[in-house]
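Examination of the molecular architecture
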Amino acid sequence: MKNLAKELQHPIFRIVSETAGQMGVPCYVIGGFVRDLLLRRPCKDIDIVAVGDGVELARQTAARLNLPEQAVNVFKHYGTAMFRYENMEIEFVGARKESYSPDSRNPSVTAGTLEDDQFRRDFTINALAISLSEADYGTLLDPFQGLEDLQHKIIRTPLDPEKTFSDDPLRIMRAIRFASQLNFSIDMKTLEAIHTEAHRLEIVSKERIVAELNKILLSRKPSVGFTLMDLTGVLDLVLPWVSKLKGVESINNQGHKDNFYHTMEVVDKIAIVSDNLWLCWTALLHDIGKPQTKRYQPETGWTFHQHEAVGAKMVPKIFRALKMPLNEKMDYVKKLVYLHLRPIALVEDSVTDSAVRRLLFDAGDDIDDLMLLCEADITSKNQEKVKHLLRNFEHVRQKLKIIEEKDRIRNFQPPIDGLYIMQKYGLQPCKEVGMLKNTIREAILDGVIGNNFEEAYRLLETEAAKLGLKAVQ
Ligand code: ATP
Ligand code: MG
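Per chain, the residues get numbers from 1 upward, laid out in the order the sequence is written. The order in which chains are written sets their letters, starting at A; the order in which ligands are written sets their numbers, starting at 1. Where totals are concerned, whole chains, interfaces and linings use all residues; where local detail is concerned, this predicted model gives features only for residues with pLDDT of at least 70, and gives and counts side-chain atom pairs only at 80 or more. Only hydrogens and water are set aside; all other atoms, that is, all heavy atoms of the structure, feed into the side-chain values.

This paragraph deals with the overall build of the protein chain. Comment: elements are numbered from the N terminus, with helices defined as DSSP H or I runs of at least four residues and strands as E runs of at least two. Helices and strands together make up the secondary structure of the protein chain, namely 24 helices and 15 strands. In terms of C-alpha radius of gyration, the protein chain reaches 29 Å, well past the compact-globule figure of 23 Å for 473 residues. Counting only C-alpha atoms and orienting by the principal axes, one finds that the protein chain spans roughly 90 × 65 × 40 Å. When burial is assessed residue by residue, the protein chain has 50% of its 473 residues classed as buried. In this description the radius of gyration comes from C-alpha coordinates, and the expected globular size is given by 2.2 Å times residues to the power 0.38. Three labels apply to residues, based on accessible area from a 1.4 Å probe with only protein chains included: buried if under 20% of the type maximum, exposed if over 50%, partly exposed otherwise in between.

In this analysis, a patch consists of residues with relative accessible area above 30% that form no salt bridge, clustered at 9 Å for like charges and at 5 Å for the nonpolar side chains Val, Leu, Ile, Met, Phe, Trp and Tyr. Note on areas: Shrake-Rupley with a 1.4 Å probe; residue coverage comes only from the protein chains shown. The rule for a salt bridge is simple: a side-chain nitrogen of Lys or Arg has to be within 4 Å of a carboxyl oxygen of Asp or Glu. Charged residues are defined narrowly, with Lys and Arg counted positive, Asp and Glu counted negative, and His plus the chain ends left uncounted. Charged side chains are reduced to one point each, which is NZ for Lys, CZ for Arg, CG for Asp and CD for Glu. On the surface, Lys313, Lys317, Arg320 and Lys334 cluster together to form a positively charged patch. If one sorts the elements of the positive patch by residue count, helix α16 (residues 307–321) sits on top with three residues. Among the structural elements, Lys313 can be located in helix α16. The exposed category is assigned to Lys313, whose relative accessible area is 62%.

Each full turn of the α-helix corresponds to 3.6 residues, which orients residues three or four apart in the same direction. Among the residues of helix α19 (residues 353–363), Ser354, Val356, Arg357, Leu359, Leu360 and Ala363 are the ones counted as buried. Contact criterion: two residues are considered in contact whenever any of their non-hydrogen atoms come within 4.5 Å of each other. On its buried face, α19 is in contact with α17 (328–339), α18 (342–345), α20 (367–376), α21 (383–407) and α23 (431–445). Backbone geometry just downstream of α19 places Gly364 in the positive-phi region, at approximately 55°.

Quick look at the environment of Ala129 now. Considering the arrangement of structural elements, one finds Ala129 in strand β8 (residues 129–131). Between the C-alpha atom of Ala129 and that of Gly31, which follows or precedes it by 98 residues, the distance is 6.6 Å. Once residues lying within four places of it in the same chain are set aside, the contact partners of Ala129 are Tyr28, Val29, Ile30, Val34, Leu114, Gln118, Thr139, Leu140 and Leu141.

Along the polypeptide, Ser354 turns up in helix α19. On the basis of relative accessibility, which here comes to 17%, the residue Ser354 falls in the buried class. Setting aside chain neighbours within four positions, we find Ser354 in contact with Leu445 and Asp446.

Turning our attention to unusual backbone geometry. Excluding glycine, residues mostly have negative phi values, and the peptide bonds linking residues are mostly trans. One non-glycine residue with positive phi stands out, namely Arg40, at about 55°. When you line up the elements, Arg40 lands in the loop between α2 (32–39) and β2 (45–50). Within the chain, Lys323 stands out as a residue other than glycine whose phi angle is a positive 55°. In this structure Lys323 comes out as exposed when scored by relative accessible area, which is 53%.

Any residue with at least one heavy atom within 4 Å of a molecule or strand is counted as near it. Taken together, 15 residues lie near ligand 1, and Arg35, Arg121, Asn126, Asp168 and Arg171 sit nearest. Any pair of N or O atoms that falls within 3.5 Å is considered a polar contact. Within protein, one atom must be able to donate a hydrogen and the other to accept it, and sequence-neighbouring residues count only if both atoms are side-chain atoms. Asp122 places a main-chain nitrogen or oxygen 3.3 Å from a nitrogen atom of ligand 1. Asp168 is positioned such that a nitrogen or oxygen atom in its side chain is 2.9 Å from a nitrogen atom of ligand 1. Coverage of ligand 1 by the protein chains reaches 78% of its 580 Å² of free accessible surface. Examining the composition of the shell around ligand 1, we find that four residues originate from one element, helix α7 (residues 170–182), more than from any other. For this classification, Asp, Glu, Lys and Arg are treated as charged, while Ala, Val, Leu, Ile, Met, Phe, Trp, Tyr, Cys and Pro are nonpolar and the rest, including Gly, are polar. Looking at side-chain class alone, the shell around ligand 1 contains one nonpolar, three polar and eleven charged residues.

Here is the key point about a regular strand: its side chains alternate between the two faces of the sheet. Paired strands are those between which DSSP finds at least two bridges. Across four bridges, the pairing between strand β1 (residues 27–30) and β2 is antiparallel. Its bridge partner lying in β2, Val29 is registered against Ile48. Where β2 lies against strand β5 (residues 88–94), six bridges are found, and the strand directions are parallel. When the sheet's bridge partners are listed, Asp45 is paired in β5 with Glu89.

Written out as structure tokens, the structure reads:
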């Protein structure tokens, strides 16, 4: 039997072991930590199972570490306790047996053995345990050949997969998420059961589903997860908008890109250059307006006019449907979806400084992310075309840099604001104030005047005179 005592380097393991020894309670480290230890992946949480009172083991271990009593968070309802120690979250639970009813993913629970506890785990690779008891400290307990599955990179359920997924359909999302995070494949029977039980996802809260989607989006190659979601029918249920991107229509022998596969390429490219979750969401949703705007015209072929505007409008609806917060992150995604065609439109040499300044103004501090998105959006079967566009795209970057250095538009606040105009001309908020503000801003963006107070002031005087306004101070 494999012994991993040497690998258990964190000091907590010996301390838990001694405490449990004094209490006469066998205990084990189990689940994600063991999996990640064997995969040599970093892991921030440790799960300890005690065959006995897990909460009491947590309390006594914390006391031995001289942690104050309130450092231990007890979740009575779940019979678990948790504290933080040396950068790790350590969770304790008594070994348990579970049984499920059809309408809930929360089982009824009774005390059980270590094996009972391993049986309730979702995948063989998540059911591995290492003993912390003195007699066999470090021994790997692997009832379902989880180690072999780790070596063969396979996700498999320990029990009947249909029952496993029907009992707790969140496991469907977890299977796909692990496949994506670890670049594993899903065992055939397990995959079929995901397909059969996908409809059960309806009893899972949107928040839990989104938490898994986020992990898929942050994995090294998110398309692994999304392709599995597509294959099993999960995509249709969870992200119907993305599912609608699939397919190619052909008229007069003219087809268009499959927008789902294009989106997957973009999402994968963003995953390589950024770990900003919201940029990943933007990549996933950037073409979401395409199905609605698709038209075929004999002269021009397939078009998706205004898909960026239609897509941007869909963003809040999608966020709401997924119960994601409608906050500044949503605004960011919406804005970037709206602007995603703009940088590429600047590729031509004839583009004016004014167009570049406008893009800087509209994108503000998100310009760098927008450029990453737009660059990732350049995909084609024709590699020469891609190379050519990427070269030209580099020119856009240069142009942006030169103009930003010269004009400082990125966080641009016009040098004269509404309040100043109202005070100078003795006005209440009204249409004229808006018009004057607008004229100044547009003149600066167009390069008609410089971005400074003196020139803005002169323009204000001329424009106010045209409106018949007189200064009161
Ligand atoms: P990560 O921490 O990366 O999300 P993890 O596998 O550690 O992955 P946790 O949510 O921390 O996931 O759960 C710890 C362990 O609890 C898992 O490894 C697994 O053994 C078990 N587990 C978690 N969720 C479920 C579930 N829905 N069904 C069955 N077992 C589960
Ligand atoms: Mg974990």
